[in-house]
Amino acid sequence: MKIMVTNDDGIWAEGINILTKYLTDAGYDVVVVAPDRPKSASSHAITLDMILPLREVNMPCGCKGYAVVNGSPSDCVLIGLGDIVKDATLLISGINHGANVGHDVIYSGTVAAAIEGILHGIPSIAVSVDSWEGKFADTAAKVVIELLKNNIEEILSPKWVLNVNVPALAVDQIRGYRISRMGGKAFEDWVVKRVDPRGRVYYWLDGRPVYDDDEDTDIWAIKHGYVALTPISTDMTGYQYMEDVKQIIKKL
């Protein structure tokens, strides 16, 4: 199995380097193509207005690494699968510093990179740990290895991404796995308005976590010590609302 690894925290982030070490130690053929700097919350952006230089780097794990200068996570997947790792059989995006649950999925460069993988016919996994500092990334890496040892690739499909979110806990504290749906709003109070010493208004985009009480959600799962496994599809059609639209059309 040849695995392309990418992320949105940048090629030198702790999460991606812990993941690649565990993968190479387990005997997998790994090639990294990742942004040269943090690109968190870049969603599915691709770069159309500038060139994207490529830099070969020495990864701590010993595997081949390529940093895409100024590139988004989706840029990295396009370049990786389109030229550098054409023979990849699996794409793993992560390990992200911070969970990608609920509405965070829409903003996530980590998840977007995995989606870009399936758009190119490659089964893909997005992996995140619930720590902004990347603490317990080794737990998330062990979860990935466990999934691979149990042949997760046999059920993966280019039709959907497996979004994996891991609590910031030691392995022996993980309570198990839960198949979870995407929760709702993961943060609130996004916009923080302030005034600088010269009286000019400026903003920080920030937020405080919101905890979902519904036990079938990814947010609930990781907050209660479970690994959340969520299949994500590219089909964003709101089928349950199509009848409502039909009622409007009848009036036209």
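Rules of the game
- Within each chain, residue numbers correspond to sequence positions counted from 1 in written order.
- Residue-level local features of this predicted model are given only where pLDDT is at least 70; pairs of side-chain atoms are given and counted only at 80 or more, and the full residue set underlies all totals for whole chains, interfaces and linings.
- The basis for every side-chain value is the complete set of heavy atoms in the structure, and neither hydrogens nor water enter the calculation.
- Stacked, edge-to-face and tilted labels apply to pairs of Phe, Tyr and Trp rings (six-membered ring for Trp) whose centres lie within 6.5 Å, assigned for plane angles under 30 degrees, over 60, and everything in between, in that order.
- Exposure is judged per residue with a 1.4 Å probe applied to protein chains only, and the accessible area is read against the type maximum: over 50% gives exposed, under 20% gives buried, and values in between give partly exposed.
- Only Lys NZ and Arg CZ are tested; either one counts as a charge over a ring when it is within 6 Å of the ring centre and within 35 degrees of the ring normal.
- Salt bridges are identified by distance alone: a Lys or Arg side-chain nitrogen within 4 Å of an Asp or Glu carboxyl oxygen.
- The way it works is that DSSP assigns letters per residue, a run of H or I at least four long becomes a helix, a run of E at least two long becomes a strand, and they are numbered from the N terminus.
- Each nonpolar core is a collection of buried residues, namely Ala, Val, Leu, Ile, Met, Phe, Trp, Tyr and Cys, held together in the definition by side-chain atoms within 4.5 Å.
- Contacts are assigned to residue pairs that have any heavy atoms within 4.5 Å of one another.
- Without a salt bridge and with relative accessible area above 30%, a residue can belong to a patch; like charges are then joined within 9 Å and nonpolar side chains (Val, Leu, Ile, Met, Phe, Trp, Tyr) within 5 Å.
- Each accessible area value is a Shrake-Rupley result obtained with a 1.4 Å probe; residue values ignore everything except the protein chains displayed when judging cover.
- Pairing between two strands is assigned when DSSP locates at least 2 bridges connecting them.
- Given the number of residues in a helix, its expected span is that number minus one, multiplied by 1.5 Å.
- Counted as a polar contact is a pair of N or O atoms within 3.5 Å, where, for protein atoms, one must be capable of donating a hydrogen and the other of accepting one, and residues adjacent in sequence contribute only when both atoms are in side chains.

Some remarks on the packing of aromatic side chains
- Under the counting rule described, the total for this entry stands at one aromatic pair.
- Geometrically, the ring pair formed by Trp 220 and Tyr 226 is stacked, given 6.1 Å between the ring centres and 20° between the ring planes.
- Classification of Trp 220 as buried rests on a relative accessible area of 12%.
- By relative accessible area, which is 14% here, Tyr 226 ends up buried.
- We note Arg 178 situated over the ring of Tyr 226; from NZ or CZ to the ring centre the distance is 5.2 Å.

Structural notes on the pattern of salt bridges
- Applying the stated rule across the entire model yields eight salt bridges.
- Across the pair Asp 196 and Arg 200 runs a salt bridge whose closest N-O atoms are separated by 2.9 Å.
- Its salt-bridge partner being Lys 246, residue Glu 243 comes within 4.0 Å of it at the nearest N-O pair. Taken together, the positions of Glu 243 and Lys 246, both in helix 7 (residues 242-251) and three residues apart, correspond to about one turn of that helix.
- Classification of Lys 246 as partly exposed rests on a relative accessible area of 44%.
- Each of Arg 181, Asp 214 and Asp 216 takes part in one network of salt bridges that share partners.

Focus on the nonpolar core
- Among the nonpolar cores identified, the biggest contains 37 residues, and Leu 23, Val 32 and Val 164 are the most heavily contacted of them.
- Among the elements of the structure, strand 1 (2-6), helix 1 (14-25), strand 2 (29-35), strand 5 (90-97), strand 6 (124-129), helix 5 (137-149), strand 7 (160-166) and strand 13 (226-233) are those that each provide at least two residues to this core.
- By residue number, the principal contributor to this core is helix 5, which donates eight residues.
- Contacts of Leu 23, omitting those with residues within four sequence positions, involve Ile 3, Val 5, Tyr 28, Val 30, Ile 92, Val 144, Ile 145 and Leu 148.

Notes on the environment of Ser 124
- Considering the arrangement of structural elements, one finds Ser 124 in strand 6.
- Residue Ser 124 is classed as buried on the basis of its relative accessible area, which comes to 0%.
- Each C-alpha atom, one on Ser 124 and one on Met 4, is 9.5 Å from the other, the two residues being 120 residues apart in sequence.
- Not counting the four nearest positions on each side in its chain, Ser 124 is found in contact with Leu 90, Leu 91, Ala 114, Gly 117, Ile 118, Trp 160, Val 161 and Leu 162.

Remarks on a nonpolar patch on the surface
- Where nonpolar side chains cluster on the molecular surface, the patch consists of Ile 106, Tyr 107, Trp 190, Val 191, Val 195, Val 201, Tyr 203 and Leu 205 and spans about 850 Å² of accessible area.
- With three residues, strand 11 (residues 201-205) is the largest single contributor of residues to the nonpolar patch.
- Relative to the helices and strands, Trp 190 is located in the loop between strand 9 (187-188) and strand 10 (191-195).

Things to note about the pairing of strand 3 (residues 54-58)
- Pairing between strand 3 and strand 4 (residues 64-68): five bridges, direction antiparallel. The residue bridging Asn 58 from the neighbouring strand is Lys 64, located in strand 4.
- Between strand 3 and strand 4, which pair antiparallel and follow one another directly, the connecting turn spans five residues, one of which, Gly 62, has a positive phi of 95°.

What to know about helix 5
- A rise of 1.5 Å per residue sets the reference length of helix 5, with its 13 residues, at 18 Å; its end C-alpha atoms lie 18 Å apart and thus fit the reference within 8%.
- Listed as buried for helix 5 are Ala 137, Thr 139, Ala 140, Ala 141, Val 143, Val 144, Ile 145, Leu 147 and Leu 148.
- One or two positions beyond helix 5, positive phi appears at Asn 151, with a value near 60°.

Brief notes about helix 4 (residues 109-119)
- Across the 11 residues that make up helix 4, a large majority, 10, are buried.
- Inspection of helix 4 places Gly 109, Thr 110, Val 111, Ala 112, Ala 113, Ala 114, Ile 115, Glu 116, Gly 117 and Ile 118 among the buried residues, and these make up the whole buried set.
- Where helix 4 begins, the capping side chain belongs to Ser 108, and its oxygen is found 3.1 Å from the backbone nitrogen of Thr 110.
- Directly after helix 4, the chain includes Gly 121, whose backbone phi takes a positive value near 80°.

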